[in-house]
Amino acid sequence: LIGIAFNIILYLFCIITPILVFVLEARGINVSEVLKIIMAQIYLWLNNPKKAKKILIDLVSKYKDSYLGHKFLAKIYEQEGGMRKAIDEYVQVLDIKKDDTDSYYKISVLLRELGRNDEATEMLRTLLKTKPDMYEASKLLGGIYLEQKEFKKAIEVYTNAVKYNANNYELYYNLGVCYSRINDFDIARKCFQKTIELDEEMYLAYYRLGQLALLYRDFDVAEESFAKSLCNEKEAKAYFELAKIHIIKNQKEKAILDINNAIRKNSKYYEIAKKEPTLFPIKNMIEKPIKESEQEEFTENQQELEIEEYLNDTYNLTKVLNKQKEKKNK
């Protein structure tokens, strides 16, 4: 009985398969192409990308307009780090299907990784004209402009992106950074506040609000903001800023607690605190760390390092200018 059943199934398979192939071909589906794609995927699952590539190269050599073949091959090259080969394949994909926005974006990413920012920028601007709601493209283009210090162009990109991603806290945070860099601190403050409205755990936005409050000598708001920014990668820095604020407000006991908390989080603040003029009144109460400690910090990208330095430098500059103004008034 088993032999009979097997023969029946085999017989039906032999009849149905040609019919199925005929129907699929009649509908414009290249069965050979589909089978090779499936085979390539199987080889990838078996951790044999070399064999998968060979199948796909054979496929696109035979069928030059194989959209799936070129796109699959591009992804494999991309995963292997063959960025130029991946770009060539994605270009082939776009020649076949010009409205493939995903491949357009992929080329932009690869150009960016190759340091060809001008070409990446041009592609991203073109892409966003076609698909303005594509958040990834806006994020990448805005990031390039930020890196190039073209803050007004970055603001334009992020502002347009917000229209389609109104609840994206990262866009508002980046807008806050951009407006800070062009000294429009009032709008920057509103952007950071909006960031927090959308994500209460975006502690970095609280830290930036504290820095902005210092520029206006609003020490109460600065204190509140730095206190709320605790429990993040800038915790030691926040304690350090709080210590300085409490000295300015003549609250030495709090300042001592703050600076020693900063040192416990990161021992490097011991030497920094000893050299900080604002903390001279409590210099003898600063505890030397028993052992070296360093707060586990997230890797800060260049954008974060630059905005940190810029706001600190601006604060120090305004502090000097205020002192000069006070001397003239006397």
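Here's a quick rundown of the structure. Fair warning: this is a prediction, and the values are worked out from it, not measured in the lab.

## Considerations on the overall build of the protein
Reasoning step 1: A tally of regular secondary structure across the protein gives 17 helices and zero strands.
Reasoning step 2: For the protein, the residues scored as buried account for 42% of the 330 residues in total.
Reasoning step 3: Contacts spanning at least 24 positions in sequence make up 51% of the contacts within the protein whose residues lie at least 6 apart.
Reasoning step 4: Of the roughly 19600 Å² of accessible surface on the protein, a fraction of 55% belongs to carbon and sulfur atoms.

## Observations concerning the pattern of salt bridges
Reasoning step 1: In the structure shown here, the tally under the stated rule is 25 salt bridges.
Reasoning step 2: Between D220 and K249 there is a salt bridge, with the nearest N and O atoms lying 2.7 Å from each other. Taken as a pair, D220 in helix α13 (residues 219–228) and K249 in the loop between α14 (235–248) and α15 (252–265) lie far apart in primary sequence, 29 residues in all.
Reasoning step 3: You can call K249 partly exposed: its relative accessible area is 26%.
Reasoning step 4: E223 is paired through a salt bridge with K249; the nearest N and O atoms lie 2.5 Å apart. Note that E223 is positioned in helix α13 and K249 in the loop between α14 and α15, a separation of 26 residues in sequence.
Reasoning step 5: In this structure, a network of salt bridges that share partners links the residues R208, K234, K237, E304 and E308.

## Comments concerning the nonpolar core
Reasoning step 1: Counting residues in each nonpolar core, the largest one holds 88 residues, and the members touching the most others are L56, Y105, F192, I259 and L279.
Reasoning step 2: Residue contributions to this core peak at nine residues, all from helix α12 (residues 203–215).

## Points about a nonpolar patch on the surface
Reasoning step 1: Together, V34, L35, I38, I42, W45 and L46 make up an exposed nonpolar region whose accessible area comes to about 620 Å².
Reasoning step 2: Take I38: it is sitting in helix α2 (residues 31–45).
Reasoning step 3: A residue is classified by how much of its surface remains accessible, and I38, at 43% relative accessible area, is partly exposed.

## Details of the environment of I107
Reasoning step 1: Its place among the elements puts I107 in helix α6 (residues 101–113).
Reasoning step 2: Each residue touching I107, except ones within four places of it in the same chain, is listed here: I87, Y90, V91, L94 and M123.

## So, the side chain of R181
Reasoning step 1: Considering the arrangement of structural elements, one finds R181 in helix α10 (residues 169–181).
Reasoning step 2: Relative accessible area serves as the criterion here: at 16%, R181 is assigned to the buried category.

## Let's talk about the packing of aromatic side chains
Reasoning step 1: A complete count under the given rule lists four aromatic pairs for this structure.
Reasoning step 2: For the pair Y173 and F192, a centre-to-centre distance of 5.4 Å together with 50 degrees between the ring planes defines the contact as tilted. Of this pair, Y173 sits in helix α10 while F192 sits in helix α11 (residues 185–198), placing them 19 residues apart in sequence. Neither residue differs from the other here; Y173 and F192 are each classed as buried.
Reasoning step 3: An angle of 70 degrees between the planes, with centres 5.2 Å apart, marks the rings of Y207 and F226 as edge-to-face. With Y207 in helix α12 and F226 in helix α13, the pair connects residues that are 19 residues apart, well separated along the chain. Across this residue pair, the class does not change: Y207 and F226 are buried.
Reasoning step 4: The lysine or arginine in question, K234, covers the ring of Y207, its NZ or CZ lying 5.4 Å from the ring centre.

Cut-offs and rules
- Residues numbered from 1 in each chain as written.
- Predicted model: local features only at pLDDT ≥ 70, side-chain atom pairs only at ≥ 80, totals over all residues.
- Heavy atoms only, no water.
- Helix = DSSP H or I, 4+ residues; strand = E, 2+ residues; numbered from the N terminus.
- Buried < 20%, exposed > 50% of the residue type's maximum accessible area, 1.4 Å probe, protein only.
- Contact = heavy atoms within 4.5 Å.
- Areas by Shrake-Rupley, 256 points an atom, 1.4 Å probe, with all protein chains shown as cover.
- Salt bridge = Lys/Arg side-chain N within 4 Å of Asp/Glu carboxyl O.
- Core = buried A, V, L, I, M, F, W, Y, C linked by side-chain atoms within 4.5 Å.
- Patch = residues over 30% accessible without salt bridge, like charges linked within 9 Å, V, L, I, M, F, W, Y side chains within 5 Å.
- Phe/Tyr/Trp six-rings, centres within 6.5 Å; stacked < 30°, edge-to-face > 60°.
- Lys NZ or Arg CZ within 6 Å of the ring centre and 35° of its normal.

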